[in-house]
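The lines below spell out each chain.
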Amino acid sequence: DVMDMSVAGNRSLQKNTNASCMEWEMAADLEVTCWGGDWGLPSVDTDSLIVMAYIRFTGAPVKLNHVDNTWKTSTGFVPAMAFQEMIITRPSDIINLLRKQKYNADYFLSAKEGADTLAYVALLEEKLYPALLYTFWVDSENYCNMTRPWFAARIPFPLNFYLPGKMARAALRRILLTRGEPPLYNLSEVEMQINKDAKECLNLLSYRLGMQQFFFGDIPTSLDAFVFGYIAPLYKACLHNSHLQLHLKQLHNLCKFCDSILSTYFTSEIQQKLEGLSPAMQDTVDANLQKLTQLVNKESNLIEKMDDKLRQSPQHRPIQTAVPKPAAVSDQSNSTQFAMS
């Protein structure tokens, strides 16, 4: 009996060990495709930053693949993780998959803290994300001088003439569908409202973080990954016009929060990117960016000149139709009526 129990125990232990090894191998075989980085960030994409930060927080053995356009992925979206003949693209779904593989950054959170995490993530998606879309893709000055030239310089020809405009139109549609309901009827009113909501969201995050290193103490959680993914591009991007960026930089604890995560979890990756670019390559990228910016400016000036010429060109006068004068009888009757009254 003792021997049978010992054999059964060894089989159970071996089964658990094999299951753990299979789970580890499944996690080790996972790969995530993300947008490439710039501005001192490992990625310029919000969703990619969320997933990358969570992977670094948990230490999950996931391989990161960087792309310069979404057409290199099977779904056309980033981040993208292939798992058992499925392609997972939403950050929350990727995080849930990693949790099932025993890589859970929220393991030590209480039920209340877990509920707070869900509430703050919903707040970020509803209040801050529309303002980020507007700042990068709808604001004409930022789009023409920073966003469009940056993506066009990295996306191969001829997609560089198509994809940035497609992404800008998709951002505008999302903003108008989610925030363009009455009483906000035009884009300027929508812009004012979403910037106001975004500033209130940033103030709330700053108050919640306080003097802590992370939102729930000294250990990063999924909420820290989401907040980092949303505010890091706004903090680091070289924007030409953004009141929202200036407001964020006045919240010093959120800026310190981003810098701390970058210096702790992404130092090697950013250093490799900097070392991978030789001075000649960097000069080439800068020259391409400058040429694309000049091209966009020339197009804008050409459109303005065409509008001016159209206004100054001779115009056909509108056809004037003779307006019949009131009959004298009616005038006489009216005057007689007033006199009688």
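In the block above lies the structure referred to throughout.
Thresholds applied
- Residues numbered from 1 in each chain as written.
- Predicted model: local features only at pLDDT ≥ 70, side-chain atom pairs only at ≥ 80, totals over all residues.
- Heavy atoms only, no water.
- Pairing = 2+ DSSP bridges.
- Helix = DSSP H or I, 4+ residues; strand = E, 2+ residues; numbered from the N terminus.
- Axes fitted to C-alpha atoms, helices over the stretch in contact; angles between N-to-C directions.
- Core = buried A, V, L, I, M, F, W, Y, C linked by side-chain atoms within 4.5 Å.
- Buried < 20%, exposed > 50% of the residue type's maximum accessible area, 1.4 Å probe, protein only.
- Contact = heavy atoms within 4.5 Å.

Draft legend 1. Here's a closer look at the sheet that holds strand β4 (residues 86-88). One open sheet accounts for 4 strands, arranged β2-β1-β3-β4; its pairing is mixed. In this open sheet, the two edge strands, each paired with only one partner strand, are β2 (63-67) and β4. Taken over all neighbouring pairs, the strand axes of this sheet differ in orientation by 25° on average, direction set aside. Two strands pair when backbone bridges link them, and strand β1 (residues 31-35) and strand β3 (residues 80-83) are joined in this way by 2 bridges, in the antiparallel orientation.

Draft legend 2. Expanded view of the nonpolar core. Residues Leu98, Phe228, Ile231 and Phe257 are the most contacted members of the largest nonpolar core, which totals 85 residues. Looking at this core, the element that brings in the most residues is helix α4 (residues 111-138), giving 12 residues. Residues contacting Leu98, with those up to four places away along its chain left out, are Leu30, Tyr54, Ile55, Ala60, Val62, Met81 and Tyr103.

Draft legend 3. Focus on the pairing of β3. Sheet topology note: the β3/β4 ladder contains 3 bridges and is antiparallel. Residue Met81 lies in a different strand from β4, and its bridge partner there is Ile88. Between the antiparallel neighbours β3 and β4 lie 2 residues, among them Gln84 with a positive phi of about 50°.

Draft legend 4. Layout of the side chain of Asn160. Counting through the fold element by element, Asn160 comes out in the loop between α5 (140-154) and α6 (163-179). The class of Asn160 is buried, set by a relative accessible area of 15%. Not counting chain neighbours up to four residues away, the residues in contact with Asn160 comprise Ala152 and Ile155.

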